[in-house]
Amino acid sequence: MEFAAENGCRVVLANDPDADRLGVAELADDGGWTAFTGDEIGALLGMWLLESFGRASSRPVAMIASTVSSKVLAAMADAEGFRFEETLTGFKWIGSRALSLREEGYDVLLGYEEAIGFSCGGVIPDKDGISALGVVASMATSLHGRGETLVSYLAGIYGKYGHFVSDNGYYRCNDPEVAARVIEGMRNGGKYRDRVGGYDVESVRDLGSPGYDSTTEDGRPTLPTSAASPMITFRFANGCVAQFRASGTEPKFKYYLELRGRPGESREDVEKRLRKMSGIILEELVRPTEQGLILPSSL
């Protein structure tokens, strides 16, 4: 980014070595850089592709995101009338669902996961940093031509749909039995909680075996379940979504929390509410001290 600033470049686009992921950063007038998260890039791409191609499409529009990604595309879909679907984490799920939706006649504009993986349009049904780079470059150029920036465009998205603030992280967990015990504690013998620390739970989805979803008529999840890789999602009445799973490749117990702000609520206020809520949720549902789980900052 230092090289970019020295050479008058306000936007930096970076792929990883195999070019299947994309990082984006933008220079502000005060000399500070904004490095966008995967969810923020997903929001930018979603709105840009909808405005540039979706509204003029002759087919119904669809977008896809992994379940641990931001719910901003879902909010966008509710307001704009396109189809949104969640999948399990990984582009084998996102890409497969995109192909199925295209066979059903949908124009799938975007599939993404929060770990900076994006699939734009129908070129490649897999994460592709090159095509995503091209779309962001086109977006940044067009926005510059009308006096906007990526930051201001993102602010407009959040101004319309509310701020989506995340608190994602993990605990060090060297024993798989501990992770299983934490998940079993959340299940509470099949009597899933309807309140956590004073916060009302609106719905619960358990993607373990045999699986459970309080929002479906038969109580079964629409997403695949797995006894080996369970994931539990709590949706709260105040708009917070809390998701928990053990990593399948690392000694980690992961959590993903996101809170959608109320209309007109500042990002700072949403962040403040989420910080308070995160502490309560993690303490009551994960019980890290009791389970011997360690935050990375404590190592």
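In the block above lies the structure referred to throughout.
Position labels on residues start from 1 in each chain and follow its written sequence. In keeping with the model being predicted, local features are shown solely for residues with a pLDDT of at least 70 and side-chain atom pairs are shown and tallied solely at 80 or more, while totals for entire chains, interfaces and linings include all residues. Computation of side-chain values covers all heavy atoms of the structure but excludes hydrogens and water.

All right, on to the packing of helix 2 (residues 38-54) against helix 6 (residues 150-161) then. The angle between two axes is taken between their N-to-C directions and runs from 0 to 180 degrees, where each axis is a line fitted to C-alpha atoms and a helix contributes only its stretch in contact. Going along the chain from the N terminus, every DSSP run of H or I of four or more residues is numbered as a helix, and every run of E of two or more is numbered as a strand. At a minimum axis distance of 10 Å, the contact between helix 2 and helix 6 shows a crossing angle of 85°. By the angle class used here, helix 2 and helix 6 are roughly perpendicular. In contact with E40, A43, L44, M47, W48 and E51 of helix 2, helix 6 contributes L150, Y153, L154, I157, Y158 and Y161. Side-chain classes follow a simple rule in which Ala, Val, Leu, Ile, Met, Phe, Trp, Tyr, Cys and Pro form the nonpolar group, Asp, Glu, Lys and Arg form the charged group, and the remainder, Gly included, forms the polar group. Within the contact of helix 2 with helix 6, the residues separate by chemical class into 10 nonpolar, no polar and two charged. The scheme is simple: roughly parallel for angles under 35 degrees, roughly antiparallel for over 145, roughly perpendicular for 65 to 115, oblique for anything else. For this analysis, residues touch if any pair of their heavy atoms sits within 4.5 Å.

In a helix, the anticipated span is given by 1.5 Å times the number of residues less one. Compared with the 16 Å implied by 1.5 Å per residue over 12 residues, the 17 Å span of helix 7 (residues 176-187) between its first and last C-alpha is a close match. Buried within helix 7 are the following residues: V178, A179, V182, I183, M186 and R187. Buried residues in helix 7 make contact with strand 10 (199-206), strand 12 (231-236), strand 13 (240-246), strand 14 (252-260), helix 8 (267-286) and helix 9 (288-291). Polar contact is defined as a pair of N or O atoms within 3.5 Å, subject to the rule that within protein one atom must be able to donate a hydrogen and the other to accept it, and that residues adjacent in sequence are counted only when both atoms are side-chain atoms. At the N-terminal end of helix 7, a side-chain oxygen is found 2.9 Å from the backbone nitrogen of E177, two or three residues along, and the residue is D175. Phi turns positive one or two residues past the end of helix 7, at N188, with a value near 55°. Working definition: with a 1.4 Å probe on protein chains only, accessible area under 20% of the residue-type maximum means buried, over 50% means exposed, and in between means partly exposed.

Now for the layout of surface pockets. Once rolled over the atoms, a probe with the size of a water molecule shows which space is left empty. Using only the protein atoms, space was sampled on a 1 Å grid; points where a 1.4 Å probe fits but cannot get out form cavities, open sets with protein on both sides within 12 Å along at least five of seven lines form pockets, and lining residues are those with an atom within 4 Å of a point. Grid points are joined across faces, edges and corners, and a volume is the space filled by probe spheres set on the points. As a volume, the largest pocket reaches approximately 410 Å³. If you trace the largest pocket, you find 18 residues lining it, with L88, T89, W93, S229 and R245 closest to the centre. Every element with two or more residues in the lining of the largest pocket is listed here: helix 4 (91-103) and strand 13. Taken together, the residues that form the lining of the largest pocket break down as seven nonpolar, seven polar and four charged. Of the volumes computed, that of the second largest pocket is approximately 310 Å³. What lines the second largest pocket is a set of 19 residues, and nearest its centre among them are P176, A179, A180, A228 and A246. In terms of residue count, helix 7 provides more of the lining of the second largest pocket than any other element does, six residues in total. Per-class residue counts for the lining of the second largest pocket are 10 nonpolar, four polar and five charged.

This part takes up the packing of helix 3 (residues 72-80) against helix 6. It is the contact of helix 3 with helix 6, at a shortest axis distance of 10 Å, that shows an interaxial angle of 65°. When you trace helix 3 past helix 6, the crossing you get is left-handed. Touching V72, A75, M76, A79 and E80 of helix 3 are I157, Y158, K160 and Y161, all from helix 6. Per-class residue counts for the contact of helix 3 with helix 6 are seven nonpolar, no polar and two charged. Two helices crossing with the near one rotated counterclockwise from the far one by less than a right angle form a left-handed crossing, whereas a clockwise rotation gives a right-handed crossing.

Turning our attention to empty space enclosed by the protein. This structure, assessed with the given rule, holds three cavities of 30 Å³ or more. Listed by contribution, the elements that provide at least two residues to the lining of the largest cavity are strand 8 (164-172), strand 13 and strand 14. Counting residues per element, the lining of the largest cavity draws most heavily on strand 14, which supplies three residues. A breakdown of the residues in the lining of the largest cavity according to their chemical character gives four nonpolar, five polar and three charged. One number sums up the size of the second largest cavity: a volume of about 50 Å³.

The residue E113 is located in strand 6 (residues 107-113) in this model. A distance of 3.3 Å separates polar atoms of two side chains, one belonging to E113 and the other to R21. If we skip the residues at most four places from it in the chain, E113 touches R21, S66, S69, T89, G90, F91, I94 and K127.

It is worth spelling out the packing of aromatic side chains at this point. In this description, an aromatic ring pair is defined by two values, namely the gap between the centres and the angle between the planes. Stacked, tilted and edge-to-face pairs are distinguished by plane angle, under 30 degrees for stacked and over 60 for edge-to-face with tilted covering the rest, among Phe, Tyr and Trp rings (Trp via its six-membered ring) whose centres lie within 6.5 Å. Scanning the model with the defined rule gives five aromatic pairs in all. Ring geometry for Y192 against Y212: centres 4.9 Å apart, planes inclined by 5°, an arrangement best described as stacked. Linking Y192 in the loop between helix 7 and strand 9 (195-196) with Y212 in strand 11 (residues 212-213), this pair joins segments that are 20 residues apart in sequence. Judged by relative accessible area, Y212 falls into the partly exposed class, the value being 31%.

When DSSP finds at least two bridges between two strands, those strands are taken to pair. The strand order 1-2-3 describes an open sheet built from three strands, whose pairing is antiparallel. Pairing within the sheet leaves two strands with one partner each, and these edge strands are strand 1 (11-15) and strand 3 (33-35). In this sheet, adjacent strand axes meet at a mean angle of 20° when their direction is disregarded. In the sheet, strand 2 (residues 22-27) pairs with strand 3 via three bridges, with the strands oriented antiparallel. Among the inter-strand pairings, L27 is bridged to a residue of strand 3, identified as W33. With respect to the sheet, helix 5 (residues 129-145) is in contact with strand 1 and strand 2, its orientation differing from that of strand 1 by roughly 175°.

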